[in-house]
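Residues per chain, in single letters:
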Amino acid sequence: MNCSLFRKEIKNVKTLVVKTGSRILTADGHVERVKRLVEDMAALHNSGVRVVLVSSGAIAHGMKALSLGKRPKAIPMLQACAGIGQNRLMNMYQNIFGEHNILIGQVLLTWDDLRSKKRYLNLRNTFFQLLDCGAIPIVNENDSVGVEEIQFGNNDTLGAQIALLVNADVYVNLTDVGGLYDKNPRDDKSAKHIPVVHSVSSGIQKMASDKKNDISVGGMSTKLKAAQIVTRAGIPALIGDGFDQRLLTVLNNENCATLFMPCEKKMPSRRRWIAFTGESAGNITVDEGACKAIIQKGKSLLAAGITGVNGNFKIGDMVDIFNIDGEIIARGMANFTASEIELIRGNKSEQIEEKLGAVKFNEIIHRDNLVVL
Ligand code: GLU
């Protein structure tokens, strides 16, 4: 899809994940800002779009309640702020969505919930059921047990993971600037806005300025990382100004946001989980021949090409595949345990039966369960 077509098509999206940063939700004038955001989400919802909101702001609301002017450094204090702030945040959403007669459903989760295949599937069911009930799920990291986003990313990557989980058509990351600029627009008036990015290359990443403020963490580089994840999975991303502009303006006006085009068609959900979410339990190193077969020909991984195994993984666990230079080339789900692979690595299929007694699978990782990175 080309980008101008994308802008027109945006009205036809079925599922939208919107992520809001803490400043939008707590800085001066926040109630009016949230009202406008909810109004636009309600309009989308009422026109049949399934909307999921990933909302930061628990810590920032807790800081306000505790009269803290600066973000605390100690993690337990951040967690205490989140505990105090999360229900205030939800109370605000409850009141404003209530004015539109729209139900909301709170989903708090940690990264471990996403990395575990079983919990991931449970979460998917919860999201789809909430959406089927006509509710808008509002997601945040469960800060009292998980600390990853409060340290690094202000929910940017969590939002990307939710976009993958619910199979979104667009991931919209609302922040306080109108997307990506070639220089920091706050320091340099000549900074040029970049309306479209076709691939999040290292050149694009260098443009990210990471100024943190007193309220939130996670500058442009975590937003770019999040955009990279979803676009590689085939989902377009928008990073746009949700501070001075409305959500619908960010969706429709290219001056208020940067559009990140998807790299390919949407990946099926199992492959998305393998590539971007699941946690690997070990790794396998392969020789040059196997490397080529996997990358260039899309083949399965056979024992013959394996030169090393690391970790103590079981059948069905996810493993990283490294080339001989130690670079990751693919990830997939193993048909054999690490100790079985250690016994049969470098062997041809006929020899495997001799060593293991029986052969359940010809492939160590079948190509359907393998994603090239
Ligand atoms: N879960 C955090 C919150 O809601 C993310 C944002 C942050 O670390 O500031 O506050």
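Located above this text is the structure these notes cover.
Nothing here was measured: the structure is a model prediction, and the numbers come from that model.

Analysis parameters
Residues numbered from 1 in each chain as written. Predicted model: local features only at pLDDT ≥ 70, side-chain atom pairs only at ≥ 80, totals over all residues. Heavy atoms only, no water. Axes fitted to C-alpha atoms, helices over the stretch in contact; angles between N-to-C directions. Helix = DSSP H or I, 4+ residues; strand = E, 2+ residues; numbered from the N terminus. Parallel < 35°, antiparallel > 145°, perpendicular 65-115°, else oblique. Left-handed = near helix turned anticlockwise from the far one by under 90°. Contact = heavy atoms within 4.5 Å. Nonpolar A, V, L, I, M, F, W, Y, C, P; charged D, E, K, R; others polar. Buried < 20%, exposed > 50% of the residue type's maximum accessible area, 1.4 Å probe, protein only. Core = buried A, V, L, I, M, F, W, Y, C linked by side-chain atoms within 4.5 Å. Near = heavy atom within 4 Å. Polar contact = N/O pair within 3.5 Å; in protein donor to acceptor, adjacent residues only side chain to side chain.

## Examining the packing of helix α9 (residues 156-165) against helix α11 (residues 220-232)
Alright, step 1. For the pair α9 and α11, the least separation of the axes is 8 Å and the interaxial angle reads 15 degrees. By the criterion of interaxial angle, the relationship of α9 to α11 is roughly parallel. In terms of crossing hand, the pair formed by α9 and α11 is right-handed. Residue-level contacts link Asp156, Thr157, Ala160, Ala163 and Leu164 of α9 to Thr222, Lys223, Lys225, Ala226, Ile229 and Val230 of α11.
Alright, step 2. Split by residue class, the contact of α9 with α11 holds six nonpolar, two polar and three charged.

## A look at the environment of Met220
Alright, step 1. With respect to the helices, strands and loops of the structure, Met220 is situated in helix α11.
Alright, step 2. The exposure class of Met220 is buried, given its relative accessible area of 10%.
Alright, step 3. Along the sequence, Met220 and Gln205 sit 15 residues apart, while their C-alpha atoms lie 8.7 Å from each other.

## With respect to the nonpolar core
Alright, step 1. Counting 48 residues, the largest nonpolar core has Val17, Phe127, Ile162 and Leu224 as the members making the most contacts within it.
Alright, step 2. Within the residue set of this core, elements represented by two or more residues are β2 (50-55), β3 (104-109), α7 (117-132), α9, α11, β9 (237-241) and α13 (269-277).
Alright, step 3. Contacts of Val17, omitting those with residues within four sequence positions, involve Val52, Val54, Gly159, Ile162, Ala163, Val166, Ala168, Val170, Tyr171 and Val172.
Alright, step 4. One finds Met92, Ile104, Ile138 and Val172 within the second-largest nonpolar core, a separate group that totals 37 residues.

## Considerations on the site of the ligand
Alright, step 1. Lining the immediate surroundings of the ligand are 13 residues, of which Ala58, Ile59, Arg71, Asn140 and Asp143 lie closest.
Alright, step 2. In the environment of the ligand, an oxygen atom lies 2.9 Å from a nitrogen or oxygen atom belonging to the backbone of Ala58.
Alright, step 3. Among the secondary structure elements, those contributing two or more residues to the shell around the ligand are α4 (58-65) and α8 (148-152).
Alright, step 4. Partitioning the shell around the ligand into residue classes produces four nonpolar, six polar and three charged.

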